[in-house]
Amino acid sequence: MFSKFIVLLLFKKNNSSYDKYMMISNEKDNYETPNDILDIILKYISKETRLYDPFYCHGTSGNRMRSRGYSCIHEDKDFYDDRPSKQDYDIIVSNPPYSDLKQVFRTLKKINKPFAMLVPIEAIARKYFIFDQNVQLIVIKKNVHFIRDGKRMNRPMRNLLCWVCVDMKLHSDIIFEE
């Protein structure tokens, strides 16, 4: 079974940088997932699985998932108030706004569907991470250069990132990917 203790052993960074990063306002929190990072999670999801990506940004991640053969709901709507019916998708896959992770995780708990969220690994050690069963991690062991306004960021994200997965039934609780 997954343990937060294991993650804390894996991640020994200065949390003050994370706390500072989490203070970013929502308007500055529009970063798109690079293709190679999106491909990491997609290789663990069957093409028959219907995806829902609730965080729109510029809409490119939904297009990229569809171009890889997935059915994906990806609309410029409010995740908290205007979601598609739970029967319309099987799993939620997204790169959520890091400044709003508390509300993101509360909403995911309420929805009660499998999900994979790309987050800084230390997010799962926070009080607002309210999942303690069926949690698995895909830890990304490389620098991630997010996309902002259609351009690859020059500086990589300084935090270790992971796909935090709930109810996805992966082959291992912790997977490391390059």
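Everything in this summary refers to the structure shown in the same document. (Residues numbered from 1 in each chain as written. Predicted model: local features only at pLDDT ≥ 70, side-chain atom pairs only at ≥ 80, totals over all residues. Heavy atoms only, no water.)

## So, the overall build of the protein chain
Step number 1: Across its full length, the protein chain holds five helices and nine strands.
Step number 2: Listed N to C, the secondary structure of the protein chain is α-α-α-β-α-β-β-α-β-β-β-β-β-β in terms of helices and strands.
Step number 3: When burial is assessed residue by residue, the protein chain has 47% of its 178 residues classed as buried.
Step number 4: Pairs at least 24 apart in sequence give 72% of the contacts found in the protein chain among residues at least 6 apart.
Step number 5: Accessible area of the protein chain: about 9,500 Å², with a carbon and sulfur share of 47%. (Helix = DSSP H or I, 4+ residues; strand = E, 2+ residues; numbered from the N terminus. Buried < 20%, exposed > 50% of the residue type's maximum accessible area, 1.4 Å probe, protein only. Contact = heavy atoms within 4.5 Å. Areas by Shrake-Rupley, 256 points an atom, 1.4 Å probe, with all protein chains shown as cover.)

## Notes on the sheet that holds strand E8 (residues 161-166)
Strands pair in a sheet through their backbones, by hydrogen bonds, and they do so in one of two ways: parallel or antiparallel.
Step number 1: One open sheet holds the seven strands; their spatial order is E2-E1-E3-E4-E8-E5-E9, and the pairing between them is mixed. The two strands at the open ends of the sheet, each matched to only one other strand, are strand E2 (71-73) and strand E9 (174-177). Sheet twist, expressed as the average angle between the axes of neighbouring strands with direction ignored, equals 25°.
Step number 2: Running over the sheet, helix H3 (residues 35-42) touches strand E1 (50-52), strand E3 (91-94), strand E4 (115-120), strand E5 (135-140), E8 and E9 and is turned about 30° from E8. (Pairing = 2+ DSSP bridges. Axes fitted to C-alpha atoms, helices over the stretch in contact; angles between N-to-C directions.)

## Notes on the pairing of E3
Step number 1: Side chains of E3 alternate between two faces, with Ile-91 and Val-93 and Ile-92 and Ser-94 buried alike.
Step number 2: In this structure, E1 lies alongside E3, joined through two bridges in parallel fashion. Directly across from Leu-51, in E3, lies its bridge partner Ile-91.
Step number 3: Where E3 meets E4, three bridges bridge the pair, whose relative direction is parallel. By the bridge assignment for E4, Ser-94 is matched with Met-117.
Step number 4: Taking the sense of rotation as the criterion, the β-α-β connection linking E3, helix H5 (residues 101-111) and E4 turns out right-handed. (Right-handed = clockwise from strand over helix to strand, strands pointing away.)

## Side note on the nonpolar core
Step number 1: One finds Ile-41, Phe-105, Trp-163 and Val-164 to be the most contacted residues of the largest nonpolar core, which totals 52 residues.
Step number 2: Broken down by secondary-structure element, the contributors of at least two residues to this core are H3, E1, E2, E3, H5, E4, E5 and E8.
Step number 3: Examining the composition of this core, we find that six residues originate from one element, E8, more than from any other.
Step number 4: Not counting chain neighbours up to four residues away, the residues in contact with Val-164 comprise Phe-105, Phe-115, Ala-116, Met-117, Val-119, Ile-124, Phe-129, Val-135, Gln-136 and Leu-137. (Core = buried A, V, L, I, M, F, W, Y, C linked by side-chain atoms within 4.5 Å.)

## Side note on the state of the cysteines
Step number 1: Scanning all chains against the criterion turns up zero disulfides.
Step number 2: For Cys-165, which is in no disulfide, the shortest distance to another cysteine sulfur is to Cys-162 and amounts to 8.1 Å. (Disulfide = S-S within 2.5 Å.)

## Topic: the environment of Tyr-31
Step number 1: Considering the arrangement of structural elements, one finds Tyr-31 in the loop between helix H2 (15-21) and H3.
Step number 2: Taking C-alpha positions, Tyr-31 is 9.7 Å from Tyr-98, a pair spaced 67 residues apart along the chain.
Step number 3: In this structure Tyr-31 touches Cys-57, Asn-95, Phe-146, Ile-147, Arg-148 and Met-153, once residues within four positions along its chain are discounted.

So yeah, pure geometry; function would need other evidence.
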